[in-house]
Amino acid sequence: MKQHTIPRIITKLIVPFILLFGLYVQFHGEISAGGGFQAGVIFASGFILYNVIFGINVGEKILPIGLTISIMAFGIFLYIFVGLLGILMGGNYLDYNLLGESKVQGQIIGIFLVELGVGITVSSVMILIYYSFNKFEDNK
Amino acid sequence: MSQIPILIIILPLIIVPIILLLRNNLYSYILSIAVSLINLVLTILLLQYVLKSGNLYYELGSWSAPIGIRLNADLLACYFLLLINLMSFICLAAGKKIIDDTVQENNIFLFYIAWLLCNIGFCGIILTDDIFNLFVFLEISSLSSYFLISQGTHKASPIAAIQYLFIGSIGAVFILLAIGMLYVNTGTLNMTDISQSISIGNISLPIVLSIGLFFVGIGIKSALFPLHGWLVKTYSYAPSIVVTYFSGTSTKVGIYILLRVFLDIFHTIEPLEYYDLASFILFLSLLGVFLSTFFAIRQNEVNKMLAYSSIAQLSYILIAIMLMTPEGLSAALIHIFNHSIIKTGLFLTIAVLFVNQSNITISDLSGYGKNFPVLMLSFLILILSLIGLPLTSGFISKWYLVSSILDSNVWYISIMVLVTSFMTVFYAWLLIEKIYFSDLVDSKKYSHFEFRYSFVILLAIASIFLGIDTTLTVDLSEEISNQFYMVLDK
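Here we summarise the structure given alongside this text. Keep in mind that what you see is a predicted model, and the values were worked out from it rather than measured.

1. Some thoughts on the overall build of chain A
Here is step 1 of the chain: Across its full length, chain A carries five helices and zero strands.
Here is step 2 of the chain: Reading chain A from its N terminus to its C terminus gives the helix and strand order α-α-α-α-α.
Here is step 3 of the chain: Principal axes of the C-alpha set define a box for chain A whose edges measure 60 × 30 × 20 Å.
Here is step 4 of the chain: Split into buried and exposed, the 140 residues of chain A put 30% on the buried side.
Here is step 5 of the chain: Long-range contacts, defined here as pairs at least 24 residues apart, represent 62% of the contacts in chain A between residues at least 6 apart.

2. Digging into the overall build of chain B
Here is step 1 of the chain: Check the secondary structure of chain B and you find 21 helices and two strands.
Here is step 2 of the chain: Taking 2.2 N^0.38 as the reference for a compact globule, 490 residues should give roughly 23 Å; the C-alpha atoms of chain B span a radius of gyration of 22 Å, in line with that estimate.
Here is step 3 of the chain: Principal-axis analysis of the C-alpha atoms places the extent of chain B at approximately 70 × 60 × 40 Å.
Here is step 4 of the chain: Within chain B, the proportion of its 490 residues that are buried is 55%.
Here is step 5 of the chain: Here the analysis covers contacts within chain B between residues at least 6 apart in sequence; of these, 80% occur between residues at least 24 apart.

3. Notes on helix α4 (residues 65-88) of chain A
Residue and element names in this part refer to chain A.
Here is step 1 of the chain: Spanning 24 residues, α4 covers 34 Å between terminal C-alpha atoms, matching the ideal 34 Å at 1.5 Å per step.
Here is step 2 of the chain: Listed as buried for α4 are T68, M72, G75, Y79, I80, V82, G83 and G86.
Here is step 3 of the chain: Just downstream of α4, G90 is the residue with a positive phi angle, here 95°.

4. A few points about the interface of chain B and chain A
How big an interface is tends to be reported as the loss of accessible area on association of its parts.
Here is step 1 of the chain: With 13 residues of chain B at the interface, the matching set in chain A holds 14 residues.
Here is step 2 of the chain: Per-element accounting of the side of chain B that touches chain A gives the leading share, seven residues, to helix α1 (residues 4-22) of chain B.
Here is step 3 of the chain: For the side of chain B that touches chain A, a count of residues per class yields nine nonpolar, three polar and one charged.

5. Some thoughts on the environment of G212(B)
Here is step 1 of the chain: Tracing the backbone through its elements, the reader meets G212(B) in helix α9 (residues 205-221).
Here is step 2 of the chain: Residues G212(B) and I69(B) lie 143 residues apart in sequence; the distance between their C-alpha atoms is 26 Å.

6. Topic: helix α14 (residues 302-322) of chain B
Residue and element names in this part refer to chain B.
Here is step 1 of the chain: With 21 residues, α14 should cover 30 Å at 1.5 Å per step; its first-to-last C-alpha distance of 30 Å lies within 8% of that length.
Here is step 2 of the chain: The buried fraction of α14 amounts to 21 of the 21 residues, a majority that puts the element mostly inside the structure.
Here is step 3 of the chain: M324 lies just past α14 and shows a positive phi near 60°.

7. Focus: the environment of S123(A)
Residue and element names in this part refer to chain A.
Here is step 1 of the chain: Tracing the backbone shows S123 in helix α5 (residues 103-139).
Here is step 2 of the chain: Residue S123 is classed as buried on the basis of its C-beta count, with 28 C-beta atoms lying within 10 Å.
Here is step 3 of the chain: A sequence separation of 76 residues divides S123 from F47, and the C-alpha atoms of the two residues are 9.4 Å apart.
Here is step 4 of the chain: Leave out the neighbours within four places in its chain, and S123 touches G40, F43 and A44.

8. Side note on the packing of helix α2 (residues 25-53) of chain B against helix α3 (residues 75-94) of chain B
The relative placement of two packed helices is expressed as an angle between their axes plus a distance between the axes.
All names here are of chain B.
Here is step 1 of the chain: Two elements in contact, α2 and α3, have axes whose closest approach is 9 Å; the angle formed by their N-to-C orientations is 155°. With respect to each other, α2 and α3 are oriented roughly antiparallel. In terms of crossing hand, the pair formed by α2 and α3 is left-handed. Judged by residue contacts, S32, I33, S36, L37, N39, L40, T43, I44, L46, L47 and V50 of α2 engage L75, C78, L81, L82, N85, L86, S88, F89, L92 and A93 from α3.
Here is step 2 of the chain: Partitioned by chemical class, the residues of the contact of α2 with α3 number 15 nonpolar, six polar and no charged.

9. Considerations on the packing of helix α18 (residues 393-407) of chain B against helix α20 (residues 453-468) of chain B
Residues and elements named next belong to chain B.
Here is step 1 of the chain: Between α18 and α20, the least distance of the axes is 6 Å, while the angle of their chain directions is 45°. Taken together, the axes of α18 and α20 are oblique relative to one another. Counting all contacts with α18, which are made through S393, F395 and I396, the residues of α20 involved are S463, L466 and G467.

10. Describing the environment of F465(B)
Residue and element names in this part refer to chain B.
Here is step 1 of the chain: Positionally, F465 belongs in helix α20.
Here is step 2 of the chain: Take F465: there are 14 C-beta atoms within 10 Å of it, and that puts it in the partly exposed class.
Here is step 3 of the chain: Along the primary structure F465 and L391 are separated by 74 residues, whereas in three dimensions their C-alpha atoms are 8.4 Å apart.

11. Remarks on unusual backbone geometry
Here is step 1 of the chain: Here the phi dihedral of L94(A) falls at roughly 65°; this positive angle occurs in a residue that is not glycine.
Here is step 2 of the chain: Structurally, L94(A) can be placed in the loop between α4 and α5.
Here is step 3 of the chain: Residue L94(A) is classed as buried on the basis of its 23 C-beta neighbours within 10 Å.
Here is step 4 of the chain: Although it is not a glycine, R23(B) adopts a positive phi angle of roughly 50°.
Here is step 5 of the chain: Inspection of the secondary structure puts R23(B) in the loop between α1 and α2.

Conventions used here
- Residues numbered from 1 in each chain as written.
- Chains lettered and ligands numbered in written order.
- Predicted model: local features only at pLDDT ≥ 70, side-chain atom pairs only at ≥ 80, totals over all residues.
- Helix = DSSP H or I, 4+ residues; strand = E, 2+ residues; numbered from the N terminus.
- Buried ≥ 20, exposed ≤ 12 C-beta atoms within 10 Å, placed from the backbone.
- Contact = placed C-beta atoms within 7 Å.
- Rg over C-alpha atoms; globule rule 2.2 N^0.38 Å.
- Expected span 1.5 Å × (residues − 1).
- Nonpolar A, V, L, I, M, F, W, Y, C, P; charged D, E, K, R; others polar.
- Axes fitted to C-alpha atoms, helices over the stretch in contact; angles between N-to-C directions.
- Parallel < 35°, antiparallel > 145°, perpendicular 65-115°, else oblique.
- Left-handed = near helix turned anticlockwise from the far one by under 90°.

Right under this line is the structure:
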């Protein structure tokens, strides 16, 4: 894509906005449309777009496969950990009410952390799927 | 105590990312076997609790039932949970060397992850009280089982996995559509809530569609006779230990969904009787018993023979359910447990003997009776149990099956059951004849006793034990079926 100036410039311009929009959907998921899953996909799509335009190996310098897998596992841990906190505090699994001082605060903390876990896992899974397609091309 | 239902699902789910981070084959084995043992213990505790103090409901996030998601551990769920977790533990305990030899070195830790996810899926299907969650867990178990099947050493095993993927996805789509139709009509996804909001007076088109779609989807998942094609392919090309695990669990979970949907969710409109589905399935199953027993006799490969035999036994279970009497349901539940133990034992024998070979023909077993006396004695006991010889668990199943058929208004079916039981002797004899009355083909093949053989012996002992002491299977099954039909009569 070296000789294609327009896609390169446009990508450089819009990738920060895509990533920012992903974060917006992530952190406003409980009051507007969206949530962890959608945010993860949007965030990963910005990353993948950059990879497609600037060469497929650029991304692996920032996010090596091993690190991406660890991040993915971290997202799952975050989700399960928040769920288990409810049990440890004497409620049921995923009981957010007990996490904060009041019920509302607890719900906000709980949803925020769980959706963060979902977002992290989904975006790293999307990036890993992209990487594995790359590897598939290399093996040929 | 009240946290047990969620722990059965969550504990393996914590282990999965740990295995992913460790990427060590030995540690992943130790973790998986430990968590499946813990699951088995938890299931037994749960069963005791439910027997003592009735159904255990678990509300996730403390949101109450129709709005929140709920787990429902009733006696039927505990019975199936015990079966699933027992089989998973036995297969993992016996299967270390088999997995190491079969699966590629780099994929072994992924294999354990897929195994645990598959087990989570089965446990989730059984425990959930939310019909959409049932679909999600069904997908979790199916997706991981496609991976498990594709890991076989035979070159056709990826193809078998793809074929199962296609047919399994079609089944899952039918079930999803059926759930959608139900949701359109009732506006709720909670099973208890759905069964209360539909009644025989207001059956609308979406509900009829939903019943039809459930019927086909579940038929695929539980290998109902004309939809059984994937089972034979899968059982002959998947890794031997996966076949061992699936023979006792996968199709049984399909039957669990059938019971849950048609006898629990739709119990107010009795679709099996109302639309004559019962007699239709009865007809298909009878055809299935006859034809698959016939095919089993003609097979040359042991795995295919046992796969056709599985279809025949599943058809017996469906026949018993479709009698629509409490005795029939309890006969089906007894046979589900006994058949799982018998078939897992038979497949496990093949798996421990021919670790990573595929296409094992009957003549490969020639003369094994002399070289593996204890192992082959267990195999013989399990085969006799499959035929239904007295003092084995198979006899108990057949006894209750035939007596429940004689008590119902379709007594003539019992003749078919007895004839096909007798036909079982033919293919069992093919195996016994090769094992005990033929000369050894490969005289070098002699091995001393190994630890993994003891699990086959354990299953054979279990089969005899369940044939003598029937407290676990018969009493529990009768209690479950009484509960079900008490609800139906109301």
